[in-house]
Amino acid sequence: MVTVKDIAEKCGVSTATVSKALNGYGDISEKTAVRIRAVAREMKYTPNIAARQLKTNASHTIGVLFEDETNVGLTHEFFAAVLNAAKAEAEREGYDILFISRNIAGKKASFLEHARYRSCDGVLIANMDYSREEVRQLIYSEIPTVTIDYTYNDHSSVLSANVEGEYELTKYIISQGHRKIAFIHGENTSVTKKRLIGFYRALTEAGITVPERYIIEARYHDPEAARQAAQKVLGLPDRPTCIIFSDDYSYIGCRGVLSTYGLSVPEDISVAGYDGIAMSKTMYPPLTTFAQDMEGMGRRAIQKLIEIIEKPKTCRPEEIEIPGRLIPGATVQKIG
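Residue positions within a chain follow its written sequence, with the count starting from 1. A pLDDT threshold of at least 70 governs which residues receive local features in this predicted model, and a stricter bar of 80 or more applies before side-chain atom pairs are shown or counted, although totals over entire chains, interfaces and linings include all residues. Water and hydrogen atoms were dropped before computing side-chain values, which therefore reflect all heavy atoms in the structure.

As for the environment of Lys5
Inference 1: For Lys5, the position within the fold is in helix α1 (residues 4–11).
Inference 2: With a 1.4 Å probe rolled over the protein chains alone, any residue whose accessible area is under 20% of its type maximum counts as buried; one over 50% counts as exposed, and the rest are partly exposed. Given a relative accessible area of 51%, Lys5 falls into the exposed group.
Inference 3: For the pair Lys5 and Thr15, spaced 10 residues apart in the sequence, the C-alpha separation amounts to 5.6 Å. Secondary structure is summarised from DSSP: a helix means a run of H or I of at least four residues, a strand means a run of E of at least two, and numbering begins at the N terminus for each.

With respect to helix α2 (residues 15–22)
Inference 1: Of the residues making up α2, those classed as buried are Thr17, Val18 and Ala21. Each buried residue of α2 sits inside an arc of 100° when the element is viewed along its axis, so together they form one side.
Inference 2: The criterion used for residue contact is that any of the two residues' heavy atoms lie within 4.5 Å. The secondary structure elements touched by the buried residues of α2 are α1 and α3 (30–42).
Inference 3: Directly beyond the C-terminal end of α2, a positive phi value near 75° is found at Gly24. Each C-beta atom gives one direction from the helix axis, and the arc is the one those directions make.

Details of the packing of helix α5 (residues 77–92) against helix α12 (residues 294–310)
Think of two packed helices as two axes; the pair is described by the angle between the axes and how far apart they sit.
Inference 1: To obtain each axis, a line is fitted to C-alpha atoms, and for helices this fit is confined to the stretch in contact; angles are then taken between N-to-C directions over 0 to 180 degrees. Interhelical geometry of α5 versus α12 gives an angle of 40° and a closest axis separation of 7 Å. As judged from the angle between their axes, α5 and α12 are oblique. With respect to the hand of their crossing, α5 and α12 are arranged in right-handed fashion. Listed contacts from α12 to Glu77, Phe78, Ala81, Val82, Ala85, Ala86, Glu89 and Ala90 of α5 are Met294, Glu295, Met297, Gly298, Arg299, Ile302 and Gln303.
Inference 2: Amino acid classes used here: Ala, Val, Leu, Ile, Met, Phe, Trp, Tyr, Cys and Pro are nonpolar; Asp, Glu, Lys and Arg are charged; the rest, including Gly, are polar. For the contact of α5 with α12, the per-class residue count stands at nine nonpolar, two polar and four charged. With respect to orientation, any angle under 35 degrees is reported as roughly parallel, any angle over 145 as roughly antiparallel, any angle of 65 to 115 as roughly perpendicular, and every other angle as oblique. The crossing is said to be left-handed when, going from far helix to near helix, the turn is anticlockwise and less than a right angle, and right-handed when the turn is clockwise.

Describing the pattern of salt bridges
Inference 1: Any Lys or Arg side-chain nitrogen located within 4 Å of an Asp or Glu carboxyl oxygen qualifies as a salt bridge. By the definition in use, this model includes 14 salt bridges.
Inference 2: As a salt-bridge pair, Arg92 and Glu93 come within 2.9 Å of each other at their nearest N and O atoms.
Inference 3: For Arg92, a relative accessible area of 59% translates into the label exposed.
Inference 4: Lys304 serves as the salt-bridge partner of Glu307, at 3.4 Å between the closest nitrogen and oxygen. Of this pair, Glu307 and Lys304 both sit in helix α12, three residues apart, roughly one helical turn.

Overview of the pairing of strand β13 (residues 319–322)
Inference 1: Only one face of β13 is buried, namely the one carrying Ile320 and Ile322, since none of Glu319 and Glu321 on the opposite face is buried.
Inference 2: Two strands form a pair only when DSSP identifies at least two bridges running between them. The pairing of strand β7 (residues 156–160) with β13 spans four bridges and is parallel. Residue pairing in the sheet places Val158 in a bridge with Ile320 of β13.

Description of the sheet that holds strand β6 (residues 145–148)
Inference 1: Spatially, six strands are ordered β2-β1-β5-β6-β7-β13 in an open sheet, and the strand pairing comes out parallel. Either end of the sheet is taken by a strand with one partner, and the two such strands are β2 (96–99) and β13. Strand after strand, the sheet turns through a mean of 20° between neighbouring axes, direction not considered.

Considering the packing of aromatic side chains
Inference 1: Put simply, two rings from Phe, Tyr or Trp (the six-membered ring, in Trp's case) pair if the centres are within 6.5 Å, and we call them stacked under 30 degrees between planes, edge-to-face over 60, tilted for the rest. If you walk through the whole model with that rule in mind, you get 10 aromatic pairs.
Inference 2: Centroid distance Phe183 to Phe199: 5.0 Å. Interplanar angle 45°. Geometry classified as tilted. Linking Phe183 in strand β8 (residues 181–185) with Phe199 in helix α9 (residues 190–205), this pair joins segments that are 16 residues apart in sequence. Like Phe199, Phe183 is buried.
Inference 3: Among the aromatic residues, those joined into a ring-pair cluster are Tyr130, Tyr140, Tyr150 and Tyr152.

Focus on helix α11 (residues 248–260)
Because each turn of an α-helix spans 3.6 residues, side chains separated by three or four positions in sequence point in the same direction.
Inference 1: To get the bend at a given residue, fit one axis to the seven residues ending there, fit another to the seven starting there, and take the angle between those axes. By the largest-angle criterion, Cys254 marks the main kink of α11, which is about 40°.
Inference 2: Those residues of α11 that fall on the buried side of the exposure criterion are Asp248, Ser250, Tyr251, Ile252, Gly253, Cys254, Val257 and Leu258.
Inference 3: On the buried face of α11, the contacting elements are α10 (223–234), β10 (242–245), β11 (270–272) and β12 (289–291).
Inference 4: Any N or O atom pair separated by 3.5 Å or less is treated as a polar contact, with the protein-specific requirement of one donor-capable and one acceptor-capable atom, and with residues adjacent in sequence counted only for side-chain atom pairs. Two or three places before Tyr249, at the opening of α11, Asp247 has a side-chain oxygen 3.3 Å from that residue's backbone nitrogen.
Inference 5: In the segment just after α11, Gly262 is the residue with positive phi, at about 70°.

A short note on a negative patch on the surface
Inference 1: Patches in this entry comprise residues that are over 30% relatively accessible and not in a salt bridge; like charges within 9 Å are linked, as are nonpolar side chains (Val, Leu, Ile, Met, Phe, Trp, Tyr) within 5 Å. Per-residue and other accessible areas follow the Shrake-Rupley method at a 1.4 Å probe size, with only the shown protein chains counted as cover for residues. As used throughout, the charge tally considers Lys and Arg to be positive and Asp and Glu to be negative, leaving His and the chain termini uncounted. Charged side chains are reduced to one point each, which is NZ for Lys, CZ for Arg, CG for Asp and CD for Glu. Taken together, the side chains of Glu164, Glu168, Glu319 and Glu321 present a region of like negative charge at the surface.
Inference 2: Structurally, the position occupied by Glu168 is in helix α8 (residues 162–175).

Set out below in structure tokens:
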């Protein structure tokens, strides 16, 4: 096994200098640090995690708190992409990932108790009911946390640019001549509130008012809830010309409902999704959607969490917004 001493001998520097370079200390020159890290890679150096934990009192383990009420789990394309990117970034930085649960050796425990039991240096929290007391208990504990798409006061979070995303998507639909636009949105969360702001902002700028019956709540990533909402919209006497779904997956689950009404997309009705999941790219016609930068969110969340862990005295809490991009697709027909 390659040691710090081996690297020091090859570079002609002290072991202390090697240690500083590998641990990111700034009291050696950048040129020296870059050379040492390059040599370490060439020699396939792997840190002794057990020794490092004894020395630094750090486990180099990051917990992930993830819960999906629709029971889709890690087949949920949005969160799977976010967490895969987070895992890759954590491992690149020398951290392991483990999932936080309510059990310790078969006994019931809180999320905080499990995180402490596993000696987590920090916890990434995604897709939770953030109002739950046991989640708040973890957030306000001594363990550093970063949340995905939800913000607590004085705590860091990584957010998709939901206001801007829904605004751009709705503005595009309006540019195609649509004025009767329905929005089947997700449950009452901060994400939904922001997307509604973007939706209404685009309508207001265009001088458009849509009836409240066009705005229906369903649940994210729940095709059955989306189907029921779509049936309400399609059963209206003044049917909209375009329906925006809460996410791509919900629209995919609703295509059969459109068929039962004898509607073809986009000839008879236009549709749009949200997220830009891989499945939407294989559809015909290609789905009009707004693609969130899921990988970017995962990477940035881990980077921020590691910054909090390793630089607690200088790291400040922040809300980090990750922009996405509009994918015009071919499911919104130009009318008028």
